Amino acid sequence: MSLLVEGARRTYRARGGPAVAALDGVDLAVDDGELLVVVGPSGSGKSTLLRAIAGLERLDGGRVVIGGRDVTGVPSARRDVAMVFQEAALFPHLSVAANIGIGERARGGRRRAVLARVREVATTLGIDHLLHRAPGELSGGERQRVALARVLIRSPAVCLLDEPLASVDAELRLRARAEIRAVHRELGVPMVHVTHDHTEALAMGDRVAVMHRGRVLQCDTPADLFARPATVEVARALGPLPMNLLPAADGVVVGVRPERVRLRAGDDVVASVEVAGEERLVRVGALLARVTAADTPEVGARVRAEWCPADEHRFDAVTGLRL
Ligand SMILES: Nc1ncnc2c1ncn2[C@@H]1O[C@H](COP(=O)(O)OP(=O)(O)OP(=O)(O)O)[C@@H](O)[C@H]1O
C-alpha cells in the first residue's frame, strides 16, 4: 500500500486578497513502512497537503494514489486513511478504552475481541494503566498516545500525523518520537508526519520533504539533506544552526556550517560570544562559528575564520540552487 502524490495543486482565493498557491505542483512517493516527515515554515502548505491526501481538501490539479488506486475523487471515508491531529479529538464522555475501540466497535467488532485488541495496543504505547480514565483526566502527551492507539488498532492503508507532538513538553517529546516510530514499525504502512520542527524532522524521518511556499524544495534522507542541501533555503532551514551564506565572486554564494569554521589569529574582530552548552557561538562580522570552550577567543580579539574547501557548499546567487 504505497502512497503517491503527483503534481498536486491547490489555490485558495481569499475574499478580496490575491490567490495563494497552497500546493504548487507537489510530487511525493512514500513506500510501505516508510516514515516521511514533511517540514516547512508556517503557511508552506503542509496541512493542505495532508488534508488533500486524506480527502478533506479537493485538489485543483494532480492526483493521489494509494496502493495503486487513484483516490483523487474518492471521498475521505472511503480512502482508509487515518489522521492524527495536533489536538487529539477524543470523546470526553467515553473512557480511554472506549475511545480507542470505538471505531472497531462501529465496524462490527465483538466487544471482547475489541477489548483484547485495545489492551494490546495500549500496552505497546504504555497507556494500559489509563484505560479506565476519561480523556479530561489525561495529560496532553497521554491524549496524543490515545489518539495514536486509535490509529494503531485500525491498521489503515495510510497514516497521517499533523504536528502530533506540538502540545507535548520537551522531555516527553523525545519519548513520544520513539513511540511514533514504534507504532509505525507495527503498522508497516506509509506514514506522513508533518512538523515545523526541523530537529524533529531529521530525528524521525526515513526521508524528509522540505516545503516552502507550496513546493517541495528537496526530499531526501536526513543525512543527505544535511550533507547536500539542494537550495539555500534548505541549507538555512535544516541543521542545528543556520548555514553561513557568504556572497562570493561570479554570482556564487558560498555556504559553510558554523560547526566547520575554525578561528586562527588574524585581523577580523570578534563581535560576540554566546554559551551553547559545552561549546560557544562566536560571531565575527557576518559569520557564525561554533567552537569548543577551550578554543574560544575573547570579544574584541582579532581572528581569521578558516574552513576546509571540502566543507564548502556552493549555490547560484540568483536561483539559490546548488552548483
Ligand atoms: N481555507 C483557506 N482559505 C484561504 N487560504 C488558506 C486556507 N487554508 C490555507 N490557506 C493558505 O494556504 C497556505 C498554506 O496553508 P497550510 O495550512 O497548508 O500551511 P502549513 O504549512 O500547514 O502552516 P502551519 O504550519 O501554520 O499549520 C497559507 O498561505 C494559508 O494562509
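Residues numbered from 1 in each chain as written. Predicted model: local features only at pLDDT ≥ 70, side-chain atom pairs only at ≥ 80, totals over all residues.

- The name given to the protein chain in an unreviewed UniProt entry is ABC transporter ATP-binding protein, and the organism recorded there is Actinokineospora guangxiensis.

## Re the overall build of the protein chain
Right, so step 1: Across its full length, the protein chain carries 8 helices and 17 strands.
Right, so step 2: Overall, the C-alpha framework of the protein chain stretches about 75 × 45 × 40 Å when taken along its three principal axes.
Right, so step 3: Within the protein chain, contacts between residues at least 6 apart in sequence are counted, and of these 64% link residues at least 24 apart. (Helix = DSSP H or I, 4+ residues; strand = E, 2+ residues; numbered from the N terminus. Contact = placed C-beta atoms within 7 Å.)

## Some remarks on the sheet that holds strand β11 (residues 244-248)
Right, so step 1: If you walk across this open sheet you meet the 3 strands as β11-β12-β17, and the pairing is antiparallel. A single partner strand is all that each edge strand has here, and the edge strands are β11 and β17 (313-316). Across this sheet, the average inter-strand angle for adjacent strands is 30°, counted without regard to direction.
Right, so step 2: As paired strands, strand β12 (residues 252-256) and β17 are joined by 4 bridges and run antiparallel to one another. Bridge assignment links Val254 to a residue of β17, and that residue is Arg314. (Pairing = 2+ DSSP bridges. Axes fitted to C-alpha atoms, helices over the stretch in contact; angles between N-to-C directions.)

## Points about unusual backbone geometry
Right, so step 1: Unusually for a residue other than glycine, Arg213 sits at a positive phi of about 50°.
Right, so step 2: Counting through the fold element by element, Arg213 comes out in the loop between β9 (207-212) and β10 (215-220).
Right, so step 3: Arg213 gets classed as partly exposed once you count the C-beta atoms within 10 Å, which come to 15.
Right, so step 4: Even without a glycine there, the phi angle at Asp250 is positive, about 60°.
Right, so step 5: Mapped onto the elements of the fold, Asp250 is located in the loop between β11 and β12.
Right, so step 6: For Asp250, a count of 6 C-beta atoms within 10 Å corresponds to the exposed category. (Buried ≥ 20, exposed ≤ 12 C-beta atoms within 10 Å, placed from the backbone.)

## Section: the pairing of strand β3 (residues 35-39)
Right, so step 1: Where burial is concerned, most of β3 is hidden: 5 out of the 5 residues are buried.
Right, so step 2: Pairing geometry for β3 and strand β8 (residues 191-195), over 5 bridges, is parallel. Bridged to Val37 within β8 is His193.
Right, so step 3: Note that β3 and β9 share 4 bridges and pair parallel. Along β9, the bridge assignment pairs Val38 with Ala209.

## Topic: the sheet that holds strand β15 (residues 287-292)
Right, so step 1: The strand order across the open sheet formed by 4 strands is β15-β14-β13-β16, and the pairing between neighbours is antiparallel. Sheet topology places β15 and β16 (302-306) at the edges, where each strand pairs with a single neighbour. Strand-to-strand, the axes of this sheet are offset by a mean angle of 55°, without reference to chain direction.
Right, so step 2: Looking at chain direction, strand β13 (residues 262-276) and strand β14 (residues 279-284) are connected through 6 bridges and run antiparallel. Of the residues in β14, the one forming a bridge with Ala276 is Glu279.

## What about the site of the ligand?
Right, so step 1: The local shell around the ligand holds 13 residues, among which Tyr12, Ala22, Ser42, Ser47 and Thr48 are the closest.
Right, so step 2: Of all the secondary structure elements, the ones that give two or more residues to the shell around the ligand are β2 (19-30) and α1 (46-54).
Right, so step 3: At 3 residues, α1 tops the list of elements feeding residues into the shell around the ligand. (Near = placed C-beta within 6 Å.)

## Considering the confidence of the model for the protein chain
Right, so step 1: On average, residues of the protein chain score 89 in pLDDT, and 98% of them reach the 70 mark or higher.
Right, so step 2: The ipTM, which scores confidence in the relative placement of chains, is 0.95 for this predicted complex, and the corresponding pTM is 0.85. (pLDDT = per-residue confidence, 0-100.)

## As for the nonpolar core
Right, so step 1: Among the nonpolar cores identified, the biggest contains 75 residues, and Ile53, Ala149, Leu160 and Val210 are the most heavily contacted of them.
Right, so step 2: In terms of residue count, helix α4 (residues 140-154) provides more of this core than any other element does, 7 residues in total.
Right, so step 3: No fewer than three residues from each of domain 1 (3-234) and domain 2 (242-316) sit in this core.
Right, so step 4: Ignoring any residue separated from it by four or fewer positions in sequence, one finds Ile53 in contact with Leu3, Val5, Val64, Val81, Val158, Leu160 and Val192.
Right, so step 5: The next biggest cluster of nonpolar side chains, apart from the first, holds 6 residues, and it includes Val282, Val284, Ala289 and Val303. (Core = buried A, V, L, I, M, F, W, Y, C linked by C-beta atoms within 7 Å. Domains from an automatic or database assignment.)

## Things to note about helix α5 (residues 170-187)
Right, so step 1: With 18 residues, α5 extends 26 Å from end C-alpha to end C-alpha; this agrees with the ideal 26 Å at 1.5 Å per step.
Right, so step 2: For α5, every residue scored as buried is listed here: Ala176, Glu179, Ile180, Val183, His184 and Leu187. Viewed end-on, α5 has its buried residues packed into an arc of 140°, placing them on one side of the element. Facing away from the buried surface of α5 by more than 90 degrees, the exposed residues are Glu171, Ala178 and Arg185.
Right, so step 3: Here the buried face of α5 lies against β3, α4, β7 (158-162), β8 and α6 (198-204). (Expected span 1.5 Å × (residues − 1). Arc of directions from axis to C-beta.)

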